[in-house]
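# Structure at a glance
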Amino acid sequence: MPSITPVQLFIAFFQIGLQGFGGVLPWARRVLVEERQWLTPEEFLEQWSLCQALPGGNITNLSVAFGLRCAGALGAAAALSGLVFVPFLVFCLLGFLYTRYGALSQAEGLLRGVSAVGAGLVVATGLRMAASPRMRSPLALFALAAFVLTGLLRWPLLLVLGLLVPSCLLAVRRR
Amino acid sequence: MMTQTAWQFLIEFAQVSLLAFGGASAALPEMHRRVVEEHGWVNDEQFSELFGLAQAAPGPNVLVASLIGWKVAQFAGAVAGLIGMVGPSSLLAYAVTRLWDRQGAARWREWLLAALVPITIGLTLSSGYLLTRGAGRSTGGYLLIAVTAAATLWTRIHPLWSIAIGAALGYAGWI
């Protein structure tokens, strides 16, 4: 891991948070691998897959793991706070505007459009993931079960994960 | 000053944070269950609108917690959303990264990831379903969701363009 100061980490992740419209992953890769060359593509992929296996935002996890490896606890805190700094302020502003003007009729139409597109984007993400080659028949059953239990039956996630994660681990191991 | 609602919000999201395998989209059914169904802090429509707004903003999607937080308890709620949603998962990422580097358990990680992928896919599909339920309140709404999903799957249109088009259509009163 290169030696990078907490200040450099803050600035790099500040930049990632600022640019991350519509998904932060491509920006994180661009800043860390291409611009700064702090990580090779393989190292980036490895860090990313670890962060995906953990709960929480992948990119927030990445900032913590990468910051920690480069500059210890202070580095982790610097990278994470750089990442969320601007987006948090933007979200506060949006929250303020929504609470104040969200019920106005023009704003309501606009929000209807935005929320329909938002739903469409998530539907597309789900379908694209479902089409991945990792989803061979026995594993697809776990995806279906997760969909039915959380979406249609509205079971608590803890219960669903408690049932599905151990059984899916066994299914993966047996193959 | 943290209000009682903001504290409650923080506690709810601190739990969601640790269950959020697969990031914000996969944790959405659980957020919906707690925020809409258990506490009634926002309704179905508002939930989809806030998520749509969050996708239009820069930065990590997990910050949708701050946006919902603002709607529920203004600035204190936004802070509660940030700390609740990002804090626990970041501490976990910190601890796991330290252990990981000590032991180098690459095979174990591969195994866990293979098991979590199908479940994450099911959860994301479930999020798409719930958002569609909240956002598609008219024929125009359902049509826009379907067209967005199709365009995202089969063209390389940038999500921000989709959101801008959706906002314009909604503003014009077509959705």
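Residues numbered from 1 in each chain as written. Chains lettered and ligands numbered in written order. Predicted model: local features only at pLDDT ≥ 70, side-chain atom pairs only at ≥ 80, totals over all residues. Heavy atoms only, no water.

### Concerning the overall build of chain A
- Helix and strand counts for chain A stand at 7 helices and 0 strands.
- Of the regular secondary structure in chain A, the N- to C-terminal order runs α-α-α-α-α-α-α.
- For 175 residues, the compact-globule estimate of 2.2 N^0.38 gives 16 Å, and chain A exceeds it by more than 25% at 20 Å.
- Seen through its principal axes, chain A has C-alpha atoms that stretch 55 × 45 × 25 Å.
- For chain A, the proportion of its 175 residues judged to be buried stands at 49%. (Helix = DSSP H or I, 4+ residues; strand = E, 2+ residues; numbered from the N terminus. Rg over C-alpha atoms; globule rule 2.2 N^0.38 Å. Buried < 20%, exposed > 50% of the residue type's maximum accessible area, 1.4 Å probe, protein only.)

### A word on the environment of Ile68(B)
Residues and elements named next belong to chain B.
- Here Ile 68 is to be found in helix H4 (residues 64-103).
- For the pair Ile 68 and Leu 82, spaced 14 residues apart in sequence, the C-alpha separation works out to 10 Å.
- When residues no more than four places from it in sequence are discounted, the contact partners of Ile 68 are Phe 9, Val 35, Val 42, Phe 47 and Leu 50. (Contact = heavy atoms within 4.5 Å.)

### Points about the packing of helix H5 (residues 105-130) of chain A against helix H3 (residues 44-56) of chain B
- At a closest axis distance of 7 Å, the pairing of H5(A) and H3(B) adopts a crossing angle of 75 degrees. Between H5(A) and H3(B), the angle falls in the class roughly perpendicular. Between H5(A) and H3(B), the contacting residues are Leu111(A), Val114(A), Ser115(A), Gly118(A), Leu121(A) and Val122(A) on the first element and Ser48(B), Glu49(B), Phe51(B), Gly52(B), Leu53(B) and Gln55(B) on the second. (Axes fitted to C-alpha atoms, helices over the stretch in contact; angles between N-to-C directions. Parallel < 35°, antiparallel > 145°, perpendicular 65-115°, else oblique.)

### Description of the confidence of the model for chain B
Residue and element names in this part refer to chain B.
- Looking at chain B as a whole, the pLDDT averages 90, with 97% of positions reaching at least 70.
- The least confident element of chain B is helix H5 (residues 106-135), whose mean pLDDT is 85; the most confident is helix H1 (residues 4-19), at 95.
- Here the predicted complex carries an ipTM of 0.86, next to a pTM of 0.85. (pLDDT = per-residue confidence, 0-100.)

### Some words on the nonpolar core
Residues and elements named next belong to chain B.
- Core analysis: the biggest nonpolar cluster contains 64 residues, and Phe 9, Met 31, Val 42, Phe 47, Ile 68 and Met 85 have the highest contact counts within it.
- In terms of residues, this core owes the most to one element, H4, which gives 16 residues.
- Not counting chain neighbours up to four residues away, the residues in contact with Met 85 comprise Phe 13, Val 16, Ser 17, Ala 20, Met 31, Val 62, Ala 65 and Ala 80. (Core = buried A, V, L, I, M, F, W, Y, C linked by side-chain atoms within 4.5 Å.)

### Here we look at the packing of aromatic side chains
- Applying the stated criterion across every chain yields a total of 11 aromatic pairs over all chains.
- For the pair Phe96(A) and Trp70(B), a centre-to-centre distance of 6.5 Å together with 85 degrees between the ring planes defines the contact as edge-to-face. Of this pair, Phe96(A) sits in helix H4 (residues 58-101) while Trp70(B) is found in helix H4, placing the two residues in two different chains.
- Classification of Phe96(A) by relative accessible area gives partly exposed; the value is 36%.
- The exposure class assigned to Trp70(B) is buried, which follows from its relative accessible area of 12%.
- Ring pairs connect the aromatic residues Phe88(A), Phe96(A), Trp70(B) and Phe75(B), which therefore count as one cluster.
- Between the NZ or CZ atom of Arg36(A) and the centre of the ring of Trp38(A), over which it lies, the distance is 5.5 Å.
- The cationic tip of Arg173(A) hangs over the ring face of Trp111(B); the distance from NZ or CZ to the ring centre is 4.7 Å. (Phe/Tyr/Trp six-rings, centres within 6.5 Å; stacked < 30°, edge-to-face > 60°. Lys NZ or Arg CZ within 6 Å of the ring centre and 35° of its normal.)

### Some remarks on the environment of Phe10(A)
Residues and elements named next belong to chain A.
- Topologically, Phe 10 is positioned in helix H1 (residues 6-19).
- The spatial distance from the C-alpha of Phe 10 to the C-alpha of Val 114 is 31 Å, given a sequence separation of 104 residues.
- Sequence-distant contacts of Phe 10, defined by excluding residues within four places in its chain, comprise Ala 78, Ser 81 and Gly 82.

### As for the interface of chain B and chain A
- On the chain A side, the residues contacting the 91 residues of chain B number 82 residues.
- With both sides pooled, the region where chain B packs onto chain A buries about 8200 Å², and carbon together with sulfur makes up 76% of that total.
- There are 1 salt bridge connecting chain B and chain A.
- In this structure, Glu37(B) and Arg154(A) form a salt bridge, with 2.9 Å as the shortest nitrogen-oxygen distance.
- Looking at the side of chain B that touches chain A, the elements with two or more residues in it are H1, helix H2 (23-38), H3, H4, H5, helix H6 (139-154) and helix H7 (159-171) of chain B.
- With 25 residues, the single largest contributor to the side of chain B that touches chain A is H5(B).
- When its residues are assigned to classes, the side of chain B that touches chain A shows 54 nonpolar, 27 polar and 10 charged. (Buried area = accessible area lost by both parts, 1.4 Å probe. Salt bridge = Lys/Arg side-chain N within 4 Å of Asp/Glu carboxyl O. Nonpolar A, V, L, I, M, F, W, Y, C, P; charged D, E, K, R; others polar.)

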